[in-house]
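What follows is the residue order along each chain.
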Amino acid sequence: MCGIVGYIGDGNASDIIIEGLKKLEYRGYDSSGIAIYKNGKIEVHKYKGRIANLEAAVANEHFNSGVGIGHTRWATHGAPSDVNAHPHSNTDHSIAIVHNGIIENYVELREWLIREHGIVFVSETDTEVIAHLIGLYYDGDLVDAVYKAVDKMRGAYGIGVICSKEPDKLIAVRKDSPLVVGLGEGCNFIASDIPALLKHVRSIYLIENNETVVLTKNDVKIYNADRKEVKRDVFHVTWDEDAAEKDGYDHFMLKEIYEQPKGLYETLNRRLDENGMIKLDGISLTKEDLEKFNKVYIVACGTAYHAGLVGKYIIEKLAKIPVEIDVASEFRYRDPFVDDRTLFIAISQSGETLDTLAALREAKNKGARILSVCNVVGSSVARESDDVFYTWAGPEIAVASTKAFTTQLMCMYLIALYMGSTKGILDMDVYHRYIDELKQIPDKLKKVLEQAGNVMEIAKDFYKREQVFFIGRGLDSAISFEGSLKLKEISYINSFAIAAGELKHGTIALIEQGTMVIALATQDRLFEKMLSNIQEVKARGATVIGLAKEGNVDIEQQANKVIYIPDCMDEVTPLLSVVPLQLLSYNIAKLRGCDIDKPKNLAKSVTVE
Ligand code: AGP
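Enquirer: For this particular structure, what's the right way to read the site of the ligand?
Expert: The environment of the ligand is made up of 15 residues, and the closest members are Ser348, Gln349, Ser350, Thr353 and Glu489. A distance of 2.6 Å separates an oxygen atom of the ligand from a polar side-chain atom of Ser350. Between an oxygen atom of the ligand and a side-chain N or O atom of Thr353, the distance comes to 2.4 Å. For the shell around the ligand, the elements supplying multiple residues, two or more each, are helix H9 (302-319) and helix H16 (475-491). Tallied by class, residues from the shell around the ligand come to 6 nonpolar, 7 polar and 2 charged.

Shown next, in the form of structure tokens:
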């Protein structure tokens, strides 16, 4: 969580940094601040609330400075407040730092600094210890002081440091929190993520763990933990700044919902040859590899986990191999049975989710082969995997994940089809039927999006409810979980998803007159069973919105309102059925006046445990 930006050059550092922070607001947005070098001193300005507060507060400052660092925060230690906001400084305010991550031994370090060195702390943050450590070790050499401070720290950190006594330098360090360096002409940048830099540069260094970067306006040097200089290839960003803009839509979430046909088209077609065969390009999963695996483990968090639920279903069906699935935060603490015959699939949009990354490392240590499904090129998950199956969603900015989810689903189908066909256990007629169905999805999705008006009308009827249940069977159950997560995270409605057949084992006790139930009934072979489940909740007074394939009109007898998706093979419905649920959540949140792209308490990239 949190976003950092730093600049050194002849430009206006405060404007450049604030502009960059706005592009990172998705990483956290409860407070923000900047530290700017000016006339031999470092000035720090930091405020609780959105970056707009910071921007307004410094609008008339005229820093005229080309050196600074900035931060947008998602609170971990200490509530959002002016004093807990970053940057933090040492006692004489000669050093300022910004930090993304968590210092695990900060209590110990804080007590030591107070006891042995009489340091007085002003904030409740873990970060402040870093500023004091660097201050303590500073003896005319900032790089040396940073190395000594880092030696004492345990945890995850991407940090940016400036010092009034060495204003020609900006220093950054990375361990388990993302950090990139932007290479300009007569200026250089640091940031937690590429979009913060796109207005200025396309040439990037991706910084690795335990590396320290020393930036001056004309030079960037990267050093490893042993203080040896390391060389890095320049990464050239191919997508443009517009991809990270709203483009006339009211919210990034809505824009990203509408980008799904394109994302799915790209994710599918970049992997297909002219005969409809899946090409893996950079991925080296051979027939021998696949025959060696006796198990697949899928691990992810949140929405990505829901893509994994569909992945489990489809890989077991098409590739005939047992698939276990777990949320990453649970996987790593239960000594899972993983060995060198396990294919471990990590799914992550950002590629920086700490739980997923830690689970991946755990599986790697146990000998598993790591395949990740990732959206962000060069992210930690991507770099630490043996192979990466990229989603072609483009940058996803809204906290609520939409296009990353459907493109992750597409990857799951492709991986399952590849595994089944390469192992020779999937009939090739069946294979091609699936490919044909997948090829039709982008156009069918456009039809789903044409129903946005109908979904808005439904939202108007229900947006004041405070409790919603999602039910479904089979693949619909996985999408119920995703629909429910989407609704609760952006509208704050208490929503709950359950496999429809499970209702009668307890949860049905909560259904009463007027309870809202969203019933997914897109699976032909389970359709009648779902109609019975709808009847059960209706009999107890529920108001039901049904979701079914076109043609399955019987649902109109049971449900109060129905949303249809185009007819398709049962197995590929998740690619379509989730989209009306995304639109429903979006519209409900909008009618409730919620801050859709930046829901409370959340951040896009969850880099804490
Ligand atoms: C989705 O809407 C969420 N905000 C969240 O559940 C997200 O999917 C999860 O944190 C995983 O993120 P990742 O895909 O970047 O790893």
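Having seen the structure, we can now continue with the description.
Enquirer: Mind showing me how you'd approach the nonpolar core here?
Expert: The tendency in soluble globular proteins is for nonpolar side chains to be buried as a group. With 120 residues, the main nonpolar core has Ile315 and Ile345 as its most contacted residues. The dominant element in this core, judged by the number of residues it contributes, is helix H13 (residues 403-422), at 12 residues.

Enquirer: Just checking my understanding: could you explain the pattern of salt bridges for this structure?
Expert: Between side chains of opposite charge, a pair can form as their charged atoms come close. Taken as a whole and judged by the stated rule, the model has 39 salt bridges. Glu362 is the partner of Lys366 in a salt bridge, and the nearest nitrogen-oxygen pair spans 3.8 Å. Since its relative accessible area comes to 26%, Lys366 is described here as partly exposed. Overall, the relative accessible area of 24% leaves Glu362 in the partly exposed class. If you follow the salt bridges from partner to partner, you end up with Lys175, Asp176, Arg361 and Glu384 in one network.

Enquirer: I keep staring at H16 and nothing clicks. Help me out?
Expert: Given 3.6 residues per turn, any residue in an α-helix points the same way as the ones three and four places further on. For H16, with 17 residues, the first-to-last C-alpha span of 24 Å sits near the 24 Å given by 1.5 Å per residue. With 14 of 17 residues buried, H16 is to be regarded as a mostly interior element. The first or second residue beyond H16 is Tyr492, which carries a positive phi of 65°.

Enquirer: Teacher, can you tell me more about the domain arrangement of the protein chain here?
Expert: When the parts of a complex come together, some accessible area is lost, and that lost area is often taken as the interface size. As far as domains go, the protein chain holds domain 1 (3-238), domain 2 (246-448) and domain 3 (452-591). The interface of domain 2 with domain 3 comprises 34 residues on the first partner and 28 residues on the second. Counting each side, the surface lost to burial between domain 2 and domain 3 is near 2,700 Å², with a carbon and sulfur contribution of 73%. Ranking the residues of domain 2 by area buried against domain 3 places His306, Tyr313 and Val448 at the top, with a combined share of 21%.

Enquirer: What is the right way to read the sheet that holds strand E19 (residues 369-374) from this model?
Expert: Two pairing modes exist for strands in a sheet, parallel and antiparallel, and in both the strands are linked by backbone hydrogen bonds. Read across the sheet, 5 strands follow the order E17-E16-E18-E19-E20 without closing on themselves; strand pairing throughout is parallel. Looking at which strands have only one partner, the edges of the open sheet turn out to be strand E17 (323-327) and strand E20 (387-390). Each strand axis lies, on average, 20° off the axis of its neighbour in the sheet, ignoring direction. Bridging between strand E16 (residues 295-300) and E17 involves 5 bridges; their strand directions are parallel.

Calculation criteria
Residues numbered from 1 in each chain as written. Predicted model: local features only at pLDDT ≥ 70, side-chain atom pairs only at ≥ 80, totals over all residues. Heavy atoms only, no water. Near = heavy atom within 4 Å. Polar contact = N/O pair within 3.5 Å; in protein donor to acceptor, adjacent residues only side chain to side chain. Helix = DSSP H or I, 4+ residues; strand = E, 2+ residues; numbered from the N terminus. Nonpolar A, V, L, I, M, F, W, Y, C, P; charged D, E, K, R; others polar. Core = buried A, V, L, I, M, F, W, Y, C linked by side-chain atoms within 4.5 Å. Buried < 20%, exposed > 50% of the residue type's maximum accessible area, 1.4 Å probe, protein only. Salt bridge = Lys/Arg side-chain N within 4 Å of Asp/Glu carboxyl O. Expected span 1.5 Å × (residues − 1). Domains from an automatic or database assignment. Contact = heavy atoms within 4.5 Å. Buried area = accessible area lost by both parts, 1.4 Å probe. Pairing = 2+ DSSP bridges. Axes fitted to C-alpha atoms, helices over the stretch in contact; angles between N-to-C directions.

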